[in-house]
Amino acid sequence: MNRIEGDVVITGTLYAQAQQLPASSVGNTEVKSTDPIAAGKLQHQRKLTVAQPNTTATTETRTIFVATAAGTLKSFEAGSIAACAGAATITVNLLKNNVSVLSAAITLNSSSTNRVSQAGMILTADFVDGDWFEVVITATAGGGTIGTGLAASLTLNETAEP
């Protein structure tokens, strides 16, 4: 192998049969909009939301995402426009294929703050093509007033579809 020490200026086109670039040497600024990278070579970040209207939260289960490729869950959070009062609670859980991926469901109660989301701790972050994700919402009055305007958000990174 030959080695060139110092700077090299090439005024024409450089052709090479093979080239090995150092890690982190190609970033966003090196990719021209006129010569983009194919979508199949990228990882996609998605932020998906399940929201109820600004009325009393109701108990329900909703599909939030069905995977079309492998990926990783990054975060899950939930909050409400108006917090619960008294002994009322809203629990929000994230299921993958009918099994919770959280260490515990998120509990919104009278200690929660209006319009401030609470994060859940994800225990099972990896997923594969075909995994089915649902948000399970359980609203319990318990002698209090259930909060309104519930929203839950899931952020994930998914590899490009095959």
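Just above, that's the structure.
For clarity, every value in this text was computed on a predicted model and none was experimentally measured.

Trainee: Help me understand the pattern of salt bridges, please; the structure alone is not making it clear to me.
Mentor: Note on pairing: side chains with opposite charge can pair once their charged atoms come close. Summed over the entire model, instances satisfying the criterion amount to 5 salt bridges. With a closest N to O distance of 3.6 Å, Glu-77 and Lys-47 form a salt bridge. Placement of Glu-77 in strand E3 (residues 71-82) and of Lys-47 in strand E1 (residues 43-51) is noted, with a sequence separation of 30 residues between them. Here Lys-47 falls in the exposed class, since its relative accessible area comes to 54%. Across the pair Lys-96 and Asp-131 runs a salt bridge, and its minimum N-O distance is 4.0 Å. With a gap of 35 residues between them, Lys-96 in strand E4 (residues 89-96) and Asp-131 in the loop between strand E8 (126-127) and strand E9 (132-140) connect regions that are remote in the sequence. The class of Lys-96 is buried, set by a relative accessible area of 16%. A relative accessible area of 9% places Asp-131 in the buried class.

Trainee: When you look at the layout of surface pockets in this model, what are you seeing that I'm missing?
Mentor: In this structure, the largest pocket occupies an estimated 220 Å³ of space. Taken together, Met-1, Asn-2, Arg-3 and Ile-4 form the lining of the largest pocket. Of the residues assigned to the lining of the largest pocket, the class counts are 2 nonpolar, 1 polar and 1 charged.

Trainee: Explain a nonpolar patch on the surface here, please?
Mentor: Taken together, Ile-4, Val-8, Ile-10 and Leu-14 make up a surface patch of nonpolar side chains, about 430 Å² in accessible area. Following the sequence through the fold, Ile-4 ends up in the segment before E1. You can call Ile-4 exposed: its relative accessible area is 64%.

Trainee: Sorry if this is basic, but what is going on with the pairing of E9 here?
Mentor: For a regular strand, the rule is simple: side chains alternate between the two faces of the sheet. Note that strand E2 (residues 60-66) and E9 share 6 bridges and pair antiparallel. When the sheet's bridge partners are listed, Thr-61 is paired in E9 with Val-136. Where E4 meets E9, 8 bridges bridge the pair, whose relative direction is antiparallel. In the strand pairing of E9, Asn-93 is matched with Val-136.

Trainee: It is not clear to me how the pairing of strand E10 (residues 148-159) should be interpreted in this structure. Could you clarify?
Mentor: With 10 of 12 residues buried, E10 is to be regarded as a mostly interior element. In this structure, E1 lies alongside E10, joined through 9 bridges in antiparallel fashion. Bridging from a neighbouring strand, Gln-43 pairs with Thr-159 of E10. Of the pairings in the sheet, the one linking E3 to E10 comprises 10 bridges and is antiparallel in character. Note that in E10 the partner of Ser-80 across the bridge is Leu-150.

Calculation criteria
Residues numbered from 1 in each chain as written. Predicted model: local features only at pLDDT ≥ 70, side-chain atom pairs only at ≥ 80, totals over all residues. Heavy atoms only, no water. Salt bridge = Lys/Arg side-chain N within 4 Å of Asp/Glu carboxyl O. Helix = DSSP H or I, 4+ residues; strand = E, 2+ residues; numbered from the N terminus. Buried < 20%, exposed > 50% of the residue type's maximum accessible area, 1.4 Å probe, protein only. 1 Å grid on protein atoms, 1.4 Å probe; cavity = no way out; pocket = protein on both sides within 12 Å on 5 of 7 lines; lining within 4 Å. Points joined across faces, edges and corners; volume = space filled by probe spheres on them. Nonpolar A, V, L, I, M, F, W, Y, C, P; charged D, E, K, R; others polar. Patch = residues over 30% accessible without salt bridge, like charges linked within 9 Å, V, L, I, M, F, W, Y side chains within 5 Å. Areas by Shrake-Rupley, 256 points an atom, 1.4 Å probe, with all protein chains shown as cover. Pairing = 2+ DSSP bridges.

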